[in-house]
Every structure is written in structure tokens, then in C-alpha cells.
Amino acid sequence: MSKLQDHIQNTLDQSHPHSDEYHQAVMEVFDDVASVYRKEPAYRRWNIAERMLEPDRIVRFRVCWDDDKGNIQVNRGWRVQFNNVLGAYKGGIRFDPSVNESVLKFLGFEQCFKNALTGLPMGGGKGGADFDPKGRSEREIMRFCQAYMQELYRHIGPNVDVPAGDINVGPREIGFLYGHYVKLTNRWEGVLTGKSPGFGGSCGRTEATGYGVVYFLKNMLKAHDQSVEGQRVLISGAGTVALYAAEKCIQEGAKVLTVSDSGGTRVFREGMTAKELASIRTLKLEKHGALADASCGTWHPGKTPWVSAKGAIALPCATQNEVDGNAMKRLIKNNLVALCEGANMPLTQEAHDQLIEANLLYGPGKAANAGGVAVSGLERSQNASLQSWSMDKVDTMLSGIMADIHDRCIAHVKRRNGIYPYSKGANIYAFKKLAEAMMAYGVK
Ligand code: NDP
Ligand code: 2IT
């Protein structure tokens, strides 16, 4: 470990104890930027590393709501406003029982770097609650969203902090959240993204993260004289990101062998068809955990995609730390060629280190899944100028932004054994951009 890495680890231990996910995300970045940091004395002079580790603020609040039986339920809500030097805080909201401050700090920290890579003026933030929507009625989910917004609305604004969706927060939840914001403030403005296109949302926002992952993959493969067509692809998750990544893979002529959820994996030996994908999307919209009930492919309860089929491309699109060391060993043994992260930090530290060691193509989440927040940025532009752009226009812009992100990832690194180290390149590019803005702002 270098002196800088030692210092970062000590600072994390002292200032952010019991925050494993946060430590993991931070150390991964500082392992990659240590050499750049050493070469630029101004970073140390301005104490950039330590300042970057401390979120601007974390708002934590009680969320009380009535369930359908008339019982009062109590949850905990947060908004982590991480860093706004590049623009208003921007990042999703996650509702899941696994949400805690460590998870939201890691997501907020990653978001600062991801948003820097998009080239759009957006700072980083993340929010959520430890609410479990599984088994809850639509009315209960609506009342929860309203109760969450009852506090959140004080802390957000179109030029302050602009939340969006994440796990278990899609267009329906954004509608409930936005509706309550409008009611509370009497202001119809671009304060949330991921709205339905019927009331200020952008065409293509729902598709953007999944499509963007595949656009990034295409650029990465092209830079190494390969293509997506005909590839065998393993996808995890069956939510917004996973199913649109699958859709784009099928459109590009790849074979999607798997999708999964917390119950298990559905395998399509010859590749999923567009019709099968449509049936799964309908099922998933109806209820959580419905992948087990689908009538296509074969069902592997309790299994992950990584042990259920063999593919050259892996797109983890479910959640953090979903690919562990054993799974990565298996993927590498089965001749993995490229892995692109639809989810945020889906690799455990061990899996990450193995992938780097194996010298395979690796599109890190902060680059590969940035298409979602990028189209959120386009939604803000449309709201600010009272315009509504077509799907074609947004998709063309998304494809251009993903190509630019690809190029930014390789702007500061050279090929190593024939392969660009995208993860290191993404961390260095975004770090420099954030650090330069922080130094220009002076001490704040
Ligand atoms: P969704 O809620 O739409 O889907 C999440 C999917 O992941 C579901 O199929 C869910 O299964 C599965 N999943 C969740 N937790 C686990 C677990 N512990 N083990 C196995 N499967 C699990 O979320 P999104 O598709 O929006 O988000 C997926 C990932 O992509 C997250 O990491 C998110 O942060 C990231 N992301 C999302 C963006 C967006 O625009 N939505 C943008 C960039 C990144 P089940 O239904 O059984 O829980
Ligand atoms: O992780 C992410 O980038 C998101 N959940 C999307 C954030 C956004 O503001 O669109």
C-alpha cells in the first residue's frame, strides 16, 4: 500500500466506521489514482483526497405511513448530498431493506465519478429508504412515497438536488413522489427525473441505462476488433437495467442466455427471443419475484447466472457485490471475454482483483451504466427549456454520450497486454475533473 492508500484507509476507519461498502468503493478509486496523486503536488496541498471522502451533507429522517390494515409503519429515509462542484446533486433513490448509510455513501461517491464522466453538469448524490416494497399494495407504495417526499422536498430543487429512480423506484414511484412534490410546493418543475414522458419525462429514460451498457460494450469491443453480434451473453437481474440491456443485446444479434432475480436464474440455451423478453417484462411489472413463474426457458432456483450457463460476455445488472470470487473464477474458466457493469459495484473486491489480474475487458459501472443518469441530464435540459424531444433524438444523443465516455476512459491510460484498463482510466479521468473543480473553488 502506498502512503496515500494508508492515509485514506486510516481516514475511512476513523471517520466512516462500519461502512464496508463505502470503504470498498473508495479504496478501489484510490488504488487507481495513487500514481496520479503522487505526481501532482497541488492535490496534496489542497488536501483533495480527504475532502473527497466526506459527503457535503447527509440528511436522515423518519418516514411514517399507514399500511392497508391501519397500522402505523416507521422507516428510515436518507439523502446523501455528496459533492456539487460539477453541478446540482444528482442521483437515484433506492427503496430496499438493505439500504443503510454505508450503501448510500458508496452509491453517492460512485455517482460523483460517474456524473463527471458523462460530461454533463451534474454533481453526485444518492437517497433511499430501508422500505421493502415486496408484498405491499400499490396504495401502500403510494403512501410510502408521499411520506418520504413529505421530508425530502425541503432538501431538493431543480438547481439544488435532482433525484431519480434506482432499485425498486421506477416510473410509477417517481410519479407518486413527483405528484406529492407538486402538491406540497405548488411548483411544476424539473426536480425529479425518470418521470413519465406524459408529464415532463424524457423519452428513452427508462431504456437508457440498459441500452447504454450495450453501447459502451460495443465501443469497448470495437476498440479491440470484436463485436457484439453472435456473442453469448449472461445477464443478471430482471429489472429496468437488465431487461433493456437484454433488449439491446437481442437487437444487436447477440444471444442472451440468462436473466435472474433474487429467487434464481432463468436460462435460455439458444438465446432469449424478443417475444420471451416481452412476456418476462409483463410478468415482472405485475409482481416481484415473478421470474420463477415464467413459462419460457428453464428455471434454476437459488442459482446465479454465473454458474448456470457459459458466456463470453457478462453483464451484472442486479445489485452490489453480486459476483464473488468463486463466480469470477468460474466466468474466467468458461472463457469470459468482457464484463460490463449495469449495476453499481457488482463485483466483490476479490472478484474485481481477479478480473484485473486476468487482463480481460472490463467496463466499470461508473462508465458503463452512466447512460441512465446521462439521459436524466437530458431530461433536465428538456424541462428547463420546456421542450420534449423524440425517442430517436434522445437515443442518438445517448449513443454519442456513451462513445464519449468510452473515449474518456482511455484518455489517460495506455493499453496493457493489448487491452485498455478502462476501470483505471475512468477513475483517473473523473478524479482529475473533480479535483480540478475543487481546487478552483478554493477551500469550501
Ligand atoms: P430494479 O429494481 O428495476 O431491478 C433490480 C433487479 O435486481 C431485480 O430483478 C431484483 O430481483 C434483482 N436484485 C436485487 N437485489 C438482488 C439480490 N440481492 N440478489 C439477486 N438479485 C437481486 O432496479 P434497476 O434495474 O433500476 O437497478 C439495478 C442495478 O442497476 C442497481 O445496482 C442500480 O443501482 C443500478 N443502476 C440503475 C440505474 C437506473 O437508471 N435504474 C442507473 C445506473 C445503475 P427481485 O425483484 O427479486 O428483488
Ligand atoms: O445509479 C444511477 O446512476 C442511477 N440510479 C440513476 C441516477 C439518475 O439521476 O438518473
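That block above? That's the structure.
Keep in mind it's a predicted model, so treat the numbers as computed, not measured. (Residues numbered from 1 in each chain as written. Chains lettered and ligands numbered in written order. Predicted model: local features only at pLDDT ≥ 70, side-chain atom pairs only at ≥ 80, totals over all residues. Heavy atoms only, no water.)

Chemist: Give me the pattern of salt bridges: which residues, what numbers.
Modeler: Within this structure, the stated rule accounts for 15 salt bridges. In this structure, glutamate 28 engages lysine 366 in a salt bridge whose closest nitrogen and oxygen atoms are separated by 3.8 Å. Pair noted here: glutamate 28 is in helix H2 (residues 20-39) and lysine 366 is in helix H14 (residues 365-368), with a separation of 338 residues, a long-range link. Given the relative accessible area of 10%, glutamate 28 is considered buried. Given a relative accessible area of 2%, lysine 366 falls into the buried group. With its nearest N and O atoms 3.5 Å apart, the salt bridge here joins lysine 366 to glutamate 110. Taken together, the positions of lysine 366 in helix H14 and glutamate 110 in helix H5 (residues 101-118) put the pair 256 residues apart, joining distant regions of the chain. In this structure, lysine 366 and glutamate 110 share a single accessibility class: buried. (Salt bridge = Lys/Arg side-chain N within 4 Å of Asp/Glu carboxyl O. Helix = DSSP H or I, 4+ residues; strand = E, 2+ residues; numbered from the N terminus. Buried < 20%, exposed > 50% of the residue type's maximum accessible area, 1.4 Å probe, protein only.)

Chemist: Any chance you could break down the side chain of threonine 209 for me, citing the residues and the numbers?
Modeler: With respect to the secondary-structure elements, threonine 209 resides in helix H8 (residues 205-222). For threonine 209, a relative accessible area of 11% corresponds to the buried category. Once you skip the residues sitting within four places of it in the chain, threonine 209 turns out to touch Val241, Asn369, Gly371 and Gly372. (Contact = heavy atoms within 4.5 Å.)

Chemist: Account for helix H13 (residues 349-358), naming residues and giving values.
Modeler: Inspection of H13 places Ala351, His352, Gln354 and Leu355 among the buried residues, and these make up the whole buried set. Axial view of H13: buried residues confined to an arc of 165 degrees, hence all on one face. The inward-facing, buried residues of H13 abut H2, helix H12 (325-333), strand E11 (338-340), strand E12 (361-363) and helix H17 (422-441). Taken from the residues just after H13, asparagine 359 is the one with a positive phi, measuring 60 degrees. (Arc of directions from axis to C-beta.)

Chemist: Any details on the packing of aromatic side chains? Residues and values, ideally.
Modeler: Taken as a whole, this structure holds 22 aromatic pairs when the rule is applied. Seen from their ring centres, phenylalanine 30 and phenylalanine 431 are 6.0 Å apart, and the 80 degrees between their planes marks the pair as edge-to-face. Taken together, the positions of phenylalanine 30 in helix H2 and phenylalanine 431 in helix H17 put the pair 401 residues apart, joining distant regions of the chain. Phenylalanine 431 matches phenylalanine 30 in its accessibility class, with the two residues each being buried. (Phe/Tyr/Trp six-rings, centres within 6.5 Å; stacked < 30°, edge-to-face > 60°.)

Chemist: Give a detailed account of a negative patch on the surface, specifying residues and quantitative values.
Modeler: Taken together, Asp31, Asp324, Glu350, Asp353 and Glu357 make up a surface patch of like negative charges. Here the element with the most residues in the negative patch is H13; it accounts for 3 residues. Residue placement: aspartate 353 occurs in helix H13. (Patch = residues over 30% accessible without salt bridge, like charges linked within 9 Å, V, L, I, M, F, W, Y side chains within 5 Å. Areas by Shrake-Rupley, 256 points an atom, 1.4 Å probe, with all protein chains shown as cover. Lys, Arg positive; Asp, Glu negative; His and termini not counted. Charge placed at Lys NZ, Arg CZ, Asp CG, Glu CD.)

Chemist: Before we move on, can you summarise the site of ligand 2 with the specific residues and values?
Modeler: For ligand 2, the set of nearby residues contains 14 residues, the closest of which are Lys90, Lys114, Asp166, Arg205 and Ser376. Here lysine 126 contributes a side-chain N or O atom positioned 3.0 Å from an oxygen atom of ligand 2. In the complex, the protein chains occlude 94% of the 290 Å² of accessible area that ligand 2 would expose alone. Every element with two or more residues in the shell around ligand 2 is listed here: strand E3 (89-95), H5 and helix H15 (371-384). Looking at the shell around ligand 2 residue by residue, the class counts come to 2 nonpolar, 7 polar and 5 charged. (Near = heavy atom within 4 Å. Polar contact = N/O pair within 3.5 Å; in protein donor to acceptor, adjacent residues only side chain to side chain. Nonpolar A, V, L, I, M, F, W, Y, C, P; charged D, E, K, R; others polar.)

Chemist: Lay out unusual backbone geometry with the relevant residues and their values.
Modeler: Backbone geometry at leucine 386 places phi at a positive 55 degrees, although glycine is not the residue there. Within the secondary structure, leucine 386 is located in the loop between H15 and helix H16 (391-409). Residues other than glycine seldom take positive phi values, yet asparagine 417 does so here, at roughly 50 degrees. Residue classification places asparagine 417 among the exposed positions, given a relative accessible area of 64%.

This is a description of form; function is not addressed.
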